[in-house]
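Listed below are the residues making up each chain.
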Protein chains: 2
Amino acid sequence: MIETPATAPSLEDPDMAHDPLRPLPLPSVRRLPLYLRYLKEVEAEGRESVSCTHIAEHLNLGSIQVRKDLALTDIVGRPKIGFETRALIEAIETFLGWNNTQEAFLVGVGSLGHALLGYGGFDEFGLSIVAAFDVAADKVGTKVHSKEVLPMEMFADLVQRMHINIGVLTVPAAAAQSVADLMVKSGMRAIWNFTPVKLTAPDTIVVEDVRMAASFAVLAKRLSDLLKRH
Amino acid sequence: MIETPATAPSLEDPDMAHDPLRPLPLPSVRRLPLYLRYLKEVEAEGRESVSCTHIAEHLNLGSIQVRKDLALTDIVGRPKIGFETRALIEAIETFLGWNNTQEAFLVGVGSLGHALLGYGGFDEFGLSIVAAFDVAADKVGTKVHSKEVLPMEMFADLVQRMHINIGVLTVPAAAAQSVADLMVKSGMRAIWNFTPVKLTAPDTIVVEDVRMAASFAVLAKRLSDLLKRH
């Protein structure tokens, strides 16, 4: 269940806090998990404060970039000291909505779906996949990493009853759009799309593509250019 | 390290193929797998030619964008007819280097590594994971989706003997940098990084991050903003 964070970003200084009505600076948002991971290491080492410069050096980023990225969360550092580690962690988690666990349903228990059900890394960003769905009779009723696989017939009803906002889409490409349509129709608000298909969805639905093929396309092309040069 | 530019660099001459010495227009490269998948459907339907407008409509993209993206591959369409479907498929595959199967080693047979070993979708882009490696004694010697899990001690020697260019990195975050260093030292040229760690590697090595956490950060933030508005 998702709850609205207690404090909305301040709108007094539009250059600092993020206004929800303005487009998100996506590259900055994408970097926030990197900061979060590092800050948790810093905290585990018992260091109570940390500077932008230090974060930038450790993560191999520019310090102005780091400062801008962190300003999104509306946190204010202190000269010469930097940020309090714990406060900065909480500010990023609040900004991303990761401090409240977000429940999701996964649809499509193929090899990728199977893996995501067992992937421990989601805890770190407060995502909990609470149930999985599949059309295959031989999968329905089995348990995968202690999560029961339910039949698609139960999907829409459970989405509504449990107020599940997020659908994790790991079906074969041919089924991607029709399952996405079902997610939207059932009342989900966000689709995390692991298929290679470009989904069509209403503007009121958040669709975020993981696009492994797109990532591999970049790798393959850069490798191919590199091997031509050397 | 790859950073997605906010906007695609404009191509001064849309008919000009990509010069390997100029920066890659990454958003365009990332879209090529989408075209490829759709063109294969078109071909399967027996349609021998296809227009930019048609592709654009089907994929919900602008037709000028599609034209620019496809111009990267140096293919020339014919007025009123468009592209020959087969020739366009081959042009994209050649551009991406996907027409030659690329062999890779995967390191880290946890839940994600396990899934990637069994993921059928890689065939489509000519990636073949030929062996897997792990440090855990209870995993070494087992088979995962018919691929043997080998001990890390054999890694460097096999990379060199088999001329494997690509390493798929699915180890826990704490081991990511040291395994990446080993990949580089063993002579690999590209690392497909599924860990959340920002790796440090020489400029002569291609590092492409899948960054599931970054993708989820965007989803969570957009969802959180959406729920505040409605």
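Residues numbered from 1 in each chain as written. Chains lettered and ligands numbered in written order. Predicted model: local features only at pLDDT ≥ 70, side-chain atom pairs only at ≥ 80, totals over all residues. Heavy atoms only, no water.

Within chain A one finds eight helices and nine strands. The buried share among the 230 residues of chain A stands at 50%. Taking contacts inside chain A between residues at least 6 apart in sequence as the whole, the part at least 24 apart equals 57%. As presented, chain A carries roughly 10,800 Å² of accessible surface, and 52% of it is formed by carbon and sulfur atoms. (Helix = DSSP H or I, 4+ residues; strand = E, 2+ residues; numbered from the N terminus. Buried < 20%, exposed > 50% of the residue type's maximum accessible area, 1.4 Å probe, protein only. Contact = heavy atoms within 4.5 Å. Areas by Shrake-Rupley, 256 points an atom, 1.4 Å probe, with all protein chains shown as cover.)

The transformation that overlays chain B on chain A combines an axial shift of 0.0 Å with a rotation of 180 degrees, and the residual RMSD is 0.0 Å. Taken together, these values place the two copies in the relation of a two-fold axis. Comparing interface residues between copies, 95% of those in chain B also lie at the interface in chain A; the contact surface is shared. (Least-squares fit on C-alpha atoms with pLDDT ≥ 70 in both.)

At the interface, 65 residues of chain B touch 66 residues of chain A. For the pairing of chain B and chain A, the buried interface totals around 6,400 Å² over both sides, and the portion due to carbon and sulfur atoms is 72%. Of all residues in chain B, Met212(B), Phe216(B) and Lys221(B) bury the most surface against chain A, accounting for 11% of the area lost on that side. Remark: the boundary between chain B and chain A carries zero salt bridges. For the side of chain B that touches chain A, the elements supplying multiple residues, two or more each, are α1 (26–44), α4 (85–96), α5 (111–118), β8 (190–193), β9 (206–209) and α8 (212–229) of chain B. At 17 residues, the largest contribution of residues to the side of chain B that touches chain A is made by α8(B). Among the residues making up the side of chain B that touches chain A, the classes are represented as 41 nonpolar, eleven polar and 13 charged. (Buried area = accessible area lost by both parts, 1.4 Å probe. Salt bridge = Lys/Arg side-chain N within 4 Å of Asp/Glu carboxyl O. Nonpolar A, V, L, I, M, F, W, Y, C, P; charged D, E, K, R; others polar.)

So, about the pattern of salt bridges. All names here are of chain A. Summed over the entire model, instances satisfying the criterion amount to 19 salt bridges over all chains. Among the salt bridges present, the one from Arg31 reaches Asp69, with a minimum N-O distance of 2.6 Å. Of the two residues, Arg31 sits in helix α1 (residues 26–44) while Asp69 sits in helix α3 (residues 63–71), which places them 38 residues apart along the sequence. One exposure class covers both Arg31 and Asp69, and it is buried. Several salt bridges share partner residues, and in doing so they unite Glu43, Arg86 and Glu90 into one network.

Turning to the sheet that holds strand β4 (residues 127–134) of chain B, a few remarks are in order. One open sheet accounts for seven strands, arranged β5-β6-β4-β3-β7-β8-β9 (chain B); its pairing is mixed. Two strands lie at the open edges of the sheet, namely β5 (143–144) and β9 of chain B, each paired on one side alone. Sheet topology note: the strand β3 (residues 102–107) of chain B/strand β7 (residues 166–169) of chain B ladder contains four bridges and is parallel. Its bridge partner lying in β7(B), Leu106(B) is registered against Val168(B). Relative to β9(B), helix α8 (residues 212–229) of chain A is tilted by about 175 degrees, and along the sheet it contacts β3, β4, β7, β8 and β9 of chain B. (Pairing = 2+ DSSP bridges. Axes fitted to C-alpha atoms, helices over the stretch in contact; angles between N-to-C directions.)

Moving on: unusual backbone geometry. The phi torsion of most residues other than glycine is negative, and most of the peptide bonds are trans. The phi dihedral of Asp74(A) falls on the positive side, at around 75 degrees, and the residue is not glycine. As for its placement among the helices and strands, Asp74(A) is situated in the loop between α3 and β2 (83–84). According to the relative accessible area criterion, Asp74(A) is partly exposed, its value standing at 31%. Of note in the backbone geometry, Asn60(B) takes a positive phi value of approximately 65 degrees without being a glycine.

Let us look at the nonpolar core. If you look at the biggest cluster of nonpolar residues, it comprises 114 residues, and the most contacted ones within it are Tyr35(A), Ile55(A), Trp192(A), Tyr35(B), Ile55(B) and Trp192(B). No other element matches α8(B), which puts ten residues into this core. Filtering out sequence-adjacent residues up to four positions away, Tyr35(A) remains in contact with Ile55(A), Leu59(A), Leu61(A), Gln65(A), Val66(A), Asp69(A), Leu70(A) and Ile92(A). (Core = buried A, V, L, I, M, F, W, Y, C linked by side-chain atoms within 4.5 Å.)

In this structure the tally under the stated criterion is 14 aromatic pairs over all chains. Taken together, the ring pairs in this structure connect Trp98(A), Phe122(A), Trp192(A), Phe194(A) and Phe216(B) into an aromatic cluster. The ring of Phe95(A) carries the charged tip of Lys221(B) above its face, separated from the ring centre by 3.9 Å. (Phe/Tyr/Trp six-rings, centres within 6.5 Å; stacked < 30°, edge-to-face > 60°. Lys NZ or Arg CZ within 6 Å of the ring centre and 35° of its normal.)

Parsing chain A into structural domains produces domain 1 (26–96) and domain 2 (102–214). Computed over C-alpha atoms, the centres of domain 1 of chain A and domain 2 of chain A are 31 Å apart. (Domains from an automatic or database assignment.)

All names here are of chain A. For Thr85, the position within the fold is in helix α4 (residues 85–96). Expressed as a C-alpha distance, the spacing of Thr85 and Lys185, which sit 100 residues apart in the sequence, is 42 Å. Ignoring anything within four residues of it in the chain, the contact list for Thr85 reads Leu39, Val42, Glu43, Arg47, Glu48, Ser49 and Val50. Within the local environment of Thr85, its side chain forms a polar contact with the backbone nitrogen of Ser49, the two atoms lying 3.3 Å apart. (Polar contact = N/O pair within 3.5 Å; in protein donor to acceptor, adjacent residues only side chain to side chain.)

What follows deals with the pairing of strand β3 (residues 102–107) of chain A. Residue and element names in this part refer to chain A. Where burial is concerned, most of β3 is hidden: five out of the six residues are buried. Where β3 lies against strand β4 (residues 127–134), six bridges are found, and the strand directions are parallel. Across the sheet, the residue bridging to Val107 is Phe133, located in β4. For the handedness criterion, the β-α-β arrangement of β3, helix α5 (residues 111–118) and β4 is classed as right-handed. (Right-handed = clockwise from strand over helix to strand, strands pointing away.)

What follows is about the packing of α1(A) against helix α2 (residues 52–59) of chain A. Residue and element names in this part refer to chain A. With their axes 11 Å apart at the nearest point, α1 and α2 run at an angle of 105 degrees to one another. One finds that α1 runs roughly perpendicular with respect to α2. Residues Leu34, Tyr35, Tyr38, Leu39 and Glu41 of α1 lie in contact with α2, whose contacting residues are His54, Ile55, His58 and Leu59. (Parallel < 35°, antiparallel > 145°, perpendicular 65-115°, else oblique.)

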